[in-house]
Amino acid sequence: MTRSGPKDGAPARRTSPAQGADAPVSPRQKTEADPYFPTNGDTRYRVHRYELTLDYRPGPNRLAGTARLNAIAGRAPLTEFQLNLADFRIGRVKVDGRAPHYTHRGGRLRIRPPKPVRAGAAFTVEVHWSGNPKPVNSAWGGLGWEELEDGALVASQPVGAPSWYPCNDRPADKASYQLSITTPSAYSVVAGGRLLTRTTKASTTTWVYEQSAPTSSYLVGLSIGKYQTVLLGDPGLGGVPQTGHIPAHLLTEFSRDFARQPAMTELFEELFGPYPFGEYAVVVTEEKLDVPVEAQGLSLFCANHVDGKRSSERLVAHELAHQWFGNSVTIADWRHIWLNEGFAKYAEWLWSERSGGRTAQQLATLAHRKLSSLPQDLRLADPGRKLMFDDRLYERGGLVLHAVRCALGDEAFFRMLRGWAGVHRGGVVTTAAFTTHAARFSAQPLDELFTAWLEETALPPLPVLAAPVPARPPYPPHPAGSA
């Protein structure tokens, strides 16, 4: 089985406080429906915690689950609300312990409580469901839960989360999660967050993970398979525990390909601020993907990304950078996707520059040359659903950051980046919030720069970094012949 898709962490598909910073945007402030996916999510309430109890049998691909959602109503009483959930059999639904009226059609679970929920009141929802999980259809192919030859994985960006659990599926509605997953004991379960317990009874094992940081529904990652677990480096006191979960036969290649990931983390903490979560895990499955996919505290790679030659190292950097940009600092809606992908792309260039590869200026030159030969019809600030994962969005997004760096100079630019990641940690953001933030670090107006790069479709001239590149720390060198 193969999966393919747009580059650098786009949805995979079959056949992929610092000085001058503005105030953070709270998820509760963002109440507009997502214009690209108006049927996903419900702005009339927000969820602050999910507790998911799942039982999965890989052979028959059978999933049974219970979800308990702790939520808060918005500014108006809730006479009804909806969750997104794919085609499962619903066993029971309760709101504050009482049975509501509900309908379940077209991926939408519509619930009418026995009595309206007061404006601003806390309430709970409980849903029991079961069936054979499968990806949800999208313009990018199947998204979400996918059965593998021997296990399963979840890669939900942007709208695949309802393929396996009921959720308020919009990126601005971030919540904490506890996941309890029971599988046959031959399988390992890896999820984003801290492993609280692993309990074996007879032939099954239950894995309980806690993700306390605010998490968007599409960023809840999960992999079930037969893996060997390795520790990537020694995090030391106060360091970030990093683990790899891989097929045993790929251990040698993986150990080389991911050897510099702890050094990447060290660099990104220097440039972007502290790592935003408690841990970071990488899973490699036997499944084939053109590109890896990020989740919160977790990234999913596949066997084709592991060759022992560090051929996919830029992708290792890209997915790690998403933990700051995309996962901790999350877009309010999908119009702002360049804030995820452009930042992760520029992180690739920064890692290359600071570890002995091509400089960011050289990589920007290559990206600009590539884009100049392609159609000039992409408006980065609002690309439309059709182009939201276009390769050009990634490259042009990286060039925006390079243009801002050229305008600000390195000292102000990296203060700006650390401020952006620090002030908005755990929150949601928009393009307008970023342009306002960046302008506060500049002695000159940046309006023309942002208009040209974000609002207009024509490619602006190549930005040139006047100052010399920073000194390179003594990271392990690139292997011969690599960039």
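Residues numbered from 1 in each chain as written. Predicted model: local features only at pLDDT ≥ 70, side-chain atom pairs only at ≥ 80, totals over all residues. Heavy atoms only, no water.

Student: For this particular structure, what's the right way to read helix α5 (residues 360-372)?
Tutor: Counting along an α-helix, one turn takes 3.6 residues, and residues three or four places apart therefore face a common direction. Helix length check: α5, at 13 residues, gives a terminal C-alpha distance of 18 Å against a target of 18 Å (1.5 Å per residue), a fit within 8%. Buried within α5 we find Ala360, Gln361, Leu363, Ala364, Ala367, His368 and Leu371. Down the axis of α5, the buried side of the element spans an arc of 160 degrees, and every buried residue falls inside it. Buried residues belonging to α5 abut α4 (338-354), α6 (391-408) and α9 (447-455). (Helix = DSSP H or I, 4+ residues; strand = E, 2+ residues; numbered from the N terminus. Expected span 1.5 Å × (residues − 1). Buried < 20%, exposed > 50% of the residue type's maximum accessible area, 1.4 Å probe, protein only. Arc of directions from axis to C-beta. Contact = heavy atoms within 4.5 Å.)

Student: Could you clarify how one ought to interpret the environment of leucine 250 in this entry?
Tutor: Structurally, the position occupied by leucine 250 is in the loop between β18 (242-246) and α1 (251-257). In the structure, leucine 250 is positioned 16 residues away from glutamate 266 in sequence and 25 Å away in space, judged by C-alpha atoms. With sequence-adjacent residues up to four places away left out, leucine 250 is seen in contact with Val284, Ala303 and Val306.

Student: In this structure, what is going on with the pattern of salt bridges? I would like to understand it.
Tutor: Pairing is possible between side chains of opposite charge, provided their charged atoms come close. Under the definition given, this model contains 22 salt bridges. Its salt-bridge partner being arginine 49, residue glutamate 210 comes within 2.9 Å of it at the nearest N-O pair. With glutamate 210 in strand β15 (residues 204-215) and arginine 49 in strand β3 (residues 45-57), the pair connects residues that are 161 residues apart, well separated along the chain. Between arginine 354 and glutamate 270 there is a salt bridge, with its nearest N and O atoms 2.8 Å apart. (Salt bridge = Lys/Arg side-chain N within 4 Å of Asp/Glu carboxyl O.)

Student: How should the environment of proline 235 be read in this particular structure?
Tutor: Mapped onto the secondary structure, proline 235 falls in the loop between β17 (228-231) and β18. Proline 235 gets classed as partly exposed once you look at its relative accessible area, which sits at 29%. Between the C-alpha atom of proline 235 and that of proline 262, which follows or precedes it by 27 residues, the distance is 8.2 Å. Beyond its immediate sequence surroundings of up to four residues, proline 235 is in contact with Val240 and Pro241.

Student: Got a minute to help me understand the packing of α6 against α9 in this structure?
Tutor: When two helices pack together, their arrangement is given by the angle between the helix axes and the distance between those axes. Where α6 meets α9, the closest approach of the two axes is 10 Å, and the angle between their N-to-C directions is 170 degrees. Here α6 lies roughly antiparallel to α9, going by the angle between them. On α9, the residues that touch Arg396, Leu399, Val400, Ala403, Val404 and Ala407 of α6 are Leu449, Phe450, Ala452, Trp453 and Leu454. Each residue belonging to the contact of α6 with α9 can be placed in one class, and the counts come to 10 nonpolar, no polar and 1 charged. (Axes fitted to C-alpha atoms, helices over the stretch in contact; angles between N-to-C directions. Parallel < 35°, antiparallel > 145°, perpendicular 65-115°, else oblique. Nonpolar A, V, L, I, M, F, W, Y, C, P; charged D, E, K, R; others polar.)

Student: I would appreciate a short explanation of the environment of alanine 86 in the present structure.
Tutor: Summarising the element assignment, alanine 86 is placed in the loop between β5 (81-84) and β6 (89-95). Here alanine 86 falls in the buried class, since its relative accessible area comes to 16%. C-alpha separation for the pair alanine 86 and histidine 104, spaced 18 residues apart in sequence, amounts to 8.9 Å. Residues contacting alanine 86, with those up to four places away along its chain left out, are His104, Val136, Pro162 and Ser163.

Student: Where do I start with the packing of helix α3 (residues 313-321) against α4 in this structure?
Tutor: Following both chains from N to C, one finds α3 and α4 inclined at 130 degrees, their axes separated by 8 Å at the closest point. The angle between α3 and α4 places the two elements in the oblique class. When the axes of α3 and α4 are compared, the crossing they make is right-handed. Packed against α3, whose contacting residues are Glu313, Arg314, Ala317, His318 and Ala321, the element α4 presents Glu341, Ala344, Lys345, Ala347, Glu348 and Trp351 at the interface. By residue class, the composition of the contact of α3 with α4 is 5 nonpolar, 1 polar and 5 charged. (Left-handed = near helix turned anticlockwise from the far one by under 90°.)

Student: Could you clarify how one ought to interpret the sheet that holds strand β21 (residues 298-302) in this entry?
Tutor: Strand-to-strand pairing in sheets goes through backbone hydrogen bonds, with the strands running parallel or antiparallel. What the 5 strands build is an open sheet, ordered β17-β18-β19-β21-β20; its pairing is mixed. The open sheet terminates on both sides in strands that have one partner only, identified here as β17 and β20 (293-295). The average angle at which neighbouring strand axes cross in this sheet is 20 degrees, direction not considered. Here β20 pairs with β21 via 3 bridges, running antiparallel. Considered in β21, the bridge of valine 293 is made with leucine 300. (Pairing = 2+ DSSP bridges.)

Student: Looking at this structure, how should I read α6?
Tutor: Helix length check: α6, at 18 residues, gives a terminal C-alpha distance of 26 Å against a target of 26 Å (1.5 Å per residue), a fit within 8%. With a side-chain oxygen lying 2.8 Å from the backbone nitrogen of arginine 392, the N-terminal cap of α6 falls on aspartate 390. Downstream of α6 by one or two residues, glycine 409 has phi in the positive range, about 85 degrees. (Polar contact = N/O pair within 3.5 Å; in protein donor to acceptor, adjacent residues only side chain to side chain.)

Student: What is the right way to read unusual backbone geometry from this model?
Tutor: For residues besides glycine, phi is generally negative; the peptide bonds are generally trans as well. In this chain, glutamine 157 is followed by proline 158 through a cis amide linkage whose omega measures 0 degrees. If you trace the backbone, proline 158 turns up in the loop between β11 (151-155) and β12 (175-184). At aspartate 96, a position not held by glycine, the phi torsion is positive, near 50 degrees. You can see aspartate 96 is positioned in the loop between β6 and β7 (101-105). Residue aspartate 96 is classed as partly exposed on the basis of its relative accessible area, which comes to 44%. The backbone of arginine 310 sits at a positive phi, close to 60 degrees, despite the residue not being glycine. With respect to the helices and strands, arginine 310 occurs in the loop between β21 and α3.

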